[in-house]
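Remarks on the overall topology
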Amino acid sequence: MELEICGITKQYKDKRAVDDITLTLTPGVWGLLGANGAGKTTLMRIIAGIQRPTAGCIRYDGIEIDTLKEAYRDIFGYLPQEFGFYPGFSVQDYLEYIAALKGLTKAEAKERIGILLERVSLSKVRNKKISKLSGGMKRRVGIVQALLNEPEVLVLDEPTSGLDPGERVKFRNLLSEFAHDRIVLISTHIVSDIEYIATCNAIMKEGKIIATGKTEELVQIVAGKVWSASIDGRDLGVYENQAPVVNVYNEENGNVRVRYLADRAVVPGSVSQEPRMEDLYLWLFPESTGKEA
């Protein structure tokens, strides 16, 4: 089972949103990590067959998806950043409608909807109108619709937007289990969504894939560039102007402990730290901290 992204380029009038991306996805969870505007959503829409690329193609098991057509949609699940629904639909009505579009029988739909609503803790609101749900609940309904047909390829664009920390943990556990023999691609700028469950990650910046690999491999990009030091809280602003600060922890006596990124220590008494995905993300996307690395 392989999903091949073959030289995909998407050119708009004066912007190249996706720039000659080639990547082969195999079963497991894949993280597509990048800042907002990196081109992730455009690439996702091309993989889903919603947008046509300017150049390149998507192949599933060696066959272009334009050739597979319905056969590809039958094995595909997709959660866009914003999914549409009729305001009058209840959760149950909407999911039954989507199940019918995906070719499930009534019996199959009833079973799958029941199982999935239980897994995402929505059973008690199944008869409530989607328009009346919280943002996090709507997002969970979107996750359920993407999983209804037990797709072989599941693509999720910013899936945890609006979910609280507990819901995110449940979602990650659900995906880890689901991805045992399927391809799951998660596009996100939230590092914790994929740090511990991704089989492999691809990092996207300005339309290009700039790095791929397992989490433990990718974090080595910032090995020796992550530091921790205790400073007087009144000096925090001074050091923030010298290096991107990842975290600040309050200590006693007005001191704070800072975790920061730099090629070499810039704070007296700094200690080198083991790198994490958050460190890598902020090193590659320093605009997220408001500072340049």
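A brief structural summary. (Residues numbered from 1 in each chain as written. Predicted model: local features only at pLDDT ≥ 70, side-chain atom pairs only at ≥ 80, totals over all residues. Heavy atoms only, no water.)

Under the criterion given, the structure shown has 1 cavity of 30 Å³ or more. There is about 40 Å³ of room inside the largest cavity. Where the lining of the largest cavity is concerned, the elements lending two or more residues are strand S2 (16-25), strand S3 (28-33) and helix H1 (40-47). Ranked by the residues each element gives to the lining of the largest cavity, the list is headed by S3, at 3 residues. (1 Å grid on protein atoms, 1.4 Å probe; cavity = no way out; pocket = protein on both sides within 12 Å on 5 of 7 lines; lining within 4 Å. Points joined across faces, edges and corners; volume = space filled by probe spheres on them. Helix = DSSP H or I, 4+ residues; strand = E, 2+ residues; numbered from the N terminus.)

Let us now look at the layout of surface pockets. Size it by volume and the largest pocket reaches roughly 480 Å³. Lining the largest pocket are 17 residues, and of these Arg73, Phe76, Tyr78, Lys102 and Gln145 sit closest to its centre. Secondary structure elements with two or more residues in the lining of the largest pocket: helix H3 (70-74), strand S6 (76-79) and helix H4 (91-101). Of the residues forming the lining of the largest pocket, the biggest block, 4 residues, is contributed by H3. Residues belonging to the lining of the largest pocket are distributed by class as follows: 10 nonpolar, 3 polar and 4 charged. In this structure, the second largest pocket occupies an estimated 270 Å³ of space. In this structure, the second largest pocket is lined by 15 residues; those nearest its centre are Ile46, Gly49, Arg52, Ile65 and Asp66. Sorting the residues of the lining of the second largest pocket by element identifies strand S4 (55-60), helix H2 (65-68) and H3 as the ones contributing at least two each. A per-element tally of the lining of the second largest pocket places S4 first, with 3 residues. (Nonpolar A, V, L, I, M, F, W, Y, C, P; charged D, E, K, R; others polar.)

By secondary structure assignment, the location of Arg182 is in the loop between helix H7 (165-178) and strand S8 (183-188). Residues in contact with Arg182, not counting those within four places in the same chain, are Met1, Pro27, Gly28, Glu150, Pro151 and Glu152. (Contact = heavy atoms within 4.5 Å.)

A few words on the pattern of salt bridges. Under the definition given, this model contains 14 salt bridges. Where Glu167 meets Arg140, a salt bridge forms, and the shortest distance between an N and an O atom there is 2.7 Å. Of this pair, Glu167 sits in helix H7 while Arg140 sits in helix H6 (residues 135-147); the two residues are 27 residues apart in sequence, bridging distant segments of the chain. For Glu167, a relative accessible area of 16% corresponds to the buried category. With relative accessibility at 9%, the residue Arg140 sits in the buried group. One salt bridge in this structure joins Glu150 and Arg182, with 3.7 Å as the shortest N-O distance. Taken together, the residues Glu150 in the loop between H6 and strand S7 (153-157) and Arg182 in the loop between H7 and S8 connect sequence positions 32 residues apart. Overall, the relative accessible area of 17% leaves Arg182 in the buried class. Where salt bridges share partners, they join Arg112, Glu150, Asp181 and Arg182 into one cluster. (Salt bridge = Lys/Arg side-chain N within 4 Å of Asp/Glu carboxyl O. Buried < 20%, exposed > 50% of the residue type's maximum accessible area, 1.4 Å probe, protein only.)

Turning next to the nonpolar core. One finds Leu95, Val141, Leu156 and Val184 to be the most contacted residues of the largest nonpolar core, which totals 56 residues. Elements supplying a minimum of two residues to this core: S3, H4, helix H5 (106-119), H6, S7, H7, S8 and helix H10 (277-284). The leading source of residues in this core is H10, at 6 residues. Excluding residues within four positions of it along the chain, Leu95 makes contact with Ile113, Leu117, Val141, Val144, Gln145 and Leu148. (Core = buried A, V, L, I, M, F, W, Y, C linked by side-chain atoms within 4.5 Å.)

Attention shifts here to the packing of aromatic side chains. Tallied over the entire structure, the rule returns 8 aromatic pairs. Seen from their ring centres, Tyr60 and Tyr72 are 6.4 Å apart, and the 55 degrees between their planes marks the pair as tilted. Highlighted residues: Tyr60 in strand S4 and Tyr72 in helix H3, separated in sequence by 12 residues. Given the relative accessible area of 8%, Tyr60 is considered buried. Measuring from ring centre to ring centre gives 4.8 Å for Tyr281 and Phe285, while their planes differ by 40 degrees; the resulting arrangement is tilted. For the pair Tyr281 and Phe285, a shared accessibility class is recorded, and that class is buried. Ring pairing ties together the aromatic residues Tyr60, Tyr72, Phe76 and Tyr78, which thus form one cluster. (Phe/Tyr/Trp six-rings, centres within 6.5 Å; stacked < 30°, edge-to-face > 60°.)

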